[in-house]
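# An overview of the molecular structure
Single-letter residue listing:
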Amino acid sequence: MQDQNNISETVIQEQRIIDNKELSIWEALIPVVILMFMLAYNIFFAGGELLGTYSNQYILLMGGVVASVVGFLNKVPLSLMLTEIWENIKSVFVPIMILFLVGALAGTWLVSGIIPAMVYYGLEVLNPSIFLPASVIIAAMISIATGSSWTTSATVGIALIGIGSALGIPTGMIAGAVISGAYFGDKMSPLSDTTNLAPAMAGTDLFTHIRYMALTTTPTFIITLIVFSIISLNIDTTGDADVSGLLHTISNTFHITPYLFIVPLVVVALILTKTKPLIALGIGVVLAAIFAFIFQPDILGRLSSSPIKSIINAVFVDTEITTDNDKLNELFSAGGMKGMLWTIFLIVCAMVFGGVMDGIGALARITKTLLKMATSVFGLFFSTVMSCLGLNAIASDQYLAIVIPGKMFKKAFEDRGLAPENLSRSLEDSGTVTSVLIPWNTCGAYQSSVLGVGVSEYFVYAIFNWLSPITTLIFAAFHIKIKQLVKTTK
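Residues numbered from 1 in each chain as written. Predicted model: local features only at pLDDT ≥ 70, side-chain atom pairs only at ≥ 80, totals over all residues. Heavy atoms only, no water.

## Considerations on the side chain of Ser-232
By the element assignment, Ser-232 lies in helix H10 (residues 206-233). In this structure Ser-232 touches Ser-129, Phe-131, Leu-132 and Pro-133, once residues within four positions along its chain are discounted. (Helix = DSSP H or I, 4+ residues; strand = E, 2+ residues; numbered from the N terminus. Contact = heavy atoms within 4.5 Å.)

## Section: the pattern of salt bridges
All told, the structure shown has four salt bridges when counted by the stated rule. Measuring nitrogen to oxygen at the nearest pair gives 2.3 Å for the salt bridge that ties Asp-429 to Lys-187. Within this pair, whereas Asp-429 is found in helix H21 (residues 420-432), its partner Lys-187 is found in helix H8 (residues 171-188), the two being separated by 242 residues in sequence. Under the relative-accessibility criterion, Asp-429 is labelled buried at 0%. (Salt bridge = Lys/Arg side-chain N within 4 Å of Asp/Glu carboxyl O. Buried < 20%, exposed > 50% of the residue type's maximum accessible area, 1.4 Å probe, protein only.)

## Points about the packing of helix H5 (residues 114-123) against helix H6 (residues 131-146)
Packing of H5 against H6 leaves a shortest axis separation of 9 Å and a crossing angle of 175 degrees. Relative to H6, H5 is oriented roughly antiparallel. Touching Ile-115, Met-118, Val-119, Gly-122 and Leu-123 of H5 are Ile-138, Met-141, Ile-142, Ala-145 and Thr-146, all from H6. Grouping the constituent residues of the contact of H5 with H6 by class yields eight nonpolar, two polar and no charged. (Axes fitted to C-alpha atoms, helices over the stretch in contact; angles between N-to-C directions. Parallel < 35°, antiparallel > 145°, perpendicular 65-115°, else oblique. Nonpolar A, V, L, I, M, F, W, Y, C, P; charged D, E, K, R; others polar.)

## Some thoughts on the layout of surface pockets
In this structure, the largest pocket encloses a volume near 1200 Å³. Tallying contributions element by element places helix H4 (residues 93-111) first for the lining of the largest pocket, with four residues. When the residues that make up the lining of the largest pocket are grouped by side-chain class, the tally is 17 nonpolar, 21 polar and eight charged. (1 Å grid on protein atoms, 1.4 Å probe; cavity = no way out; pocket = protein on both sides within 12 Å on 5 of 7 lines; lining within 4 Å. Points joined across faces, edges and corners; volume = space filled by probe spheres on them.)

## Description of the nonpolar core
Counting 151 residues, the largest nonpolar core has Trp-109, Phe-131, Leu-132, Met-201, Met-357, Ile-360 and Met-408 as the members making the most contacts within it. Ranked by the residues each element gives to this core, the list is headed by H4, at eleven residues. With near-sequence residues (within four places) excluded, Phe-131 lies in contact with Leu-126, Leu-160, Ile-163, Gly-164, Leu-167, Ile-169, Ile-174 and Ser-232. (Core = buried A, V, L, I, M, F, W, Y, C linked by side-chain atoms within 4.5 Å.)

## Some remarks on the environment of Ile-43
Tracing the sequence through the fold places Ile-43 in helix H1 (residues 25-45). Of the residues examined, Ile-43 reaches a relative accessible area of 17% and is grouped as buried. In this structure the C-alpha to C-alpha distance between Ile-43 and Asn-441, which are 398 residues apart in sequence, comes to 8.8 Å.

## Notes on a nonpolar patch on the surface
A surface patch of nonpolar side chains, amounting to about 950 Å² of accessible area, comprises Phe-37, Tyr-41, Phe-44, Phe-45, Leu-50, Leu-51, Tyr-58, Met-62 and Trp-440. Looking at the nonpolar patch, the elements that each hand over two or more residues are H1 and helix H2 (55-73). Inspection of the secondary structure puts Tyr-58 in helix H2. On the accessibility criterion, Tyr-58 (33% relative accessible area) is partly exposed. (Patch = residues over 30% accessible without salt bridge, like charges linked within 9 Å, V, L, I, M, F, W, Y side chains within 5 Å. Areas by Shrake-Rupley, 256 points an atom, 1.4 Å probe, with all protein chains shown as cover.)

## Some words on the environment of Ala-28
With respect to the helices, strands and loops of the structure, Ala-28 is situated in helix H1. When the C-alpha atoms of Ala-28 and Leu-363 are compared, they prove to be 7.4 Å apart, with 335 residues separating the residues in sequence. Contact partners of Ala-28, with chain neighbours within four places excluded, come to Leu-23, Met-357, Ala-362, Arg-365 and Ile-366.

## A short note on H1
Its 21 residues place the ends of H1 29 Å apart at the C-alpha level, agreeing with the 30 Å of an ideal helix rising 1.5 Å per residue. At Pro-31, H1 shows its maximal kink, close to 25 degrees. All of the buried residues along H1 are Ala-28, Pro-31, Val-32, Leu-35, Met-36, Met-38, Leu-39, Ala-40, Asn-42 and Ile-43. Directly after H1, the chain includes Gly-47, whose backbone phi takes a positive value near 60 degrees. (Expected span 1.5 Å × (residues − 1). Bend = angle between axes of the 7 residues up to and from the residue.)

## Considering the packing of helix H9 (residues 193-202) against H21
Running from N to C, H9 and H21 point in directions that differ by 140 degrees, and their axes come no closer than 8 Å. Put simply, H9 runs oblique to H21. With respect to the hand of their crossing, H9 and H21 are arranged in right-handed fashion. Counted together, Thr-194, Thr-195, Ala-198, Pro-199, Met-201 and Ala-202 of H9 and Pro-420, Leu-423, Ser-424, Leu-427, Glu-428 and Thr-432 of H21 form the full contact between these two elements. Each residue belonging to the contact of H9 with H21 can be placed in one class, and the counts come to seven nonpolar, four polar and one charged. (Left-handed = near helix turned anticlockwise from the far one by under 90°.)

Below, the structure written as structure tokens:
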């Protein structure tokens, strides 16, 4: 058995930090190095499918096995590792429930016409003289509504590329505007998996994370809009921004009315009044289901012989609403709760890996070393940002660029007396948005393929994406809105 004199615990906001004096930094890094090697091999040599669809999840579990072997060699009892795994999984129970509700919300907001209405009214604001900033806003609106930058780019993004090209605007500029708006929405939408993943890793709740993230995201978004407005004033455009075909298809498929915005406005109001996420999102699902019966009876009839069954399917499984426009068909689809399973499995596997690393004292050892290297608050933020950027380049996956630094740096932020929302914000400001700037990252490869524009062409114009980590570092350097942690001892 492990000599208990070598194990100590610190309790910070009911989170145990286990320190194992026998474990060296090199032993603590063994699971991390092996994990990174397996992830890199999976991406670069196995096309991300080394072990099938859930390759990253399985690799995280194998990393946990390696960590447990290191623990056994250092005489750490299995019971301690299992206890930490269970504590970690319990800590993400609410985020997992929120993710399920997010899937339900996406499905019900689709069949109720809320998402189509946002697309419809967003497209109507297009004007050649303000095309680029309008594209940023449209992409942001739709991404907030759907919680997906990928879906936004694959639908409205493609349409905006076609429209902008007809106006004589360089495609790199258009793609940069679309990606900037899409990733703003992806960051700020409670429907986004990464927006749920970051606070789950850092140990805070969804809406606290969104409110705190707005402090850096809002000025970055405003600067992005200003730059694109200046660019628009200095380029010549010709032709017309004709979106009549898309508008006609949407209005023929759905009953579009401003009354549909009541539901998202209610949810936003609940968020602003600090209502618990499960309650706010649950109300959003129920209201959307009611609005579907009121405004979209034809849609419900097309999806199933029973309107109630259509709603149930929208909540739990895949829903696809076909139109006569291929560009809209992908947008008008949702995965329900089923669509959240991949991300939920990733979270659980990350908790297993992190739990074992916690149990053997590896995280404490690594974070103590990091704290010695990061001699200031800015140094800790800088280390976090660089880790996220590095993982986006090495692991080529934005989820892993959030999961691994989130788990590794969580204790370091606690040791510095920093609230977890500092970490969750840094993860999103650097992990989520920069993934699209790396050509071999899954996000960079996807966006360049869908939009038909190379990463090198849109890189400089993806202003929001490369400016976000700079903004978070500026806030850290000048100690702007850096929330402190209230410590408790037991």
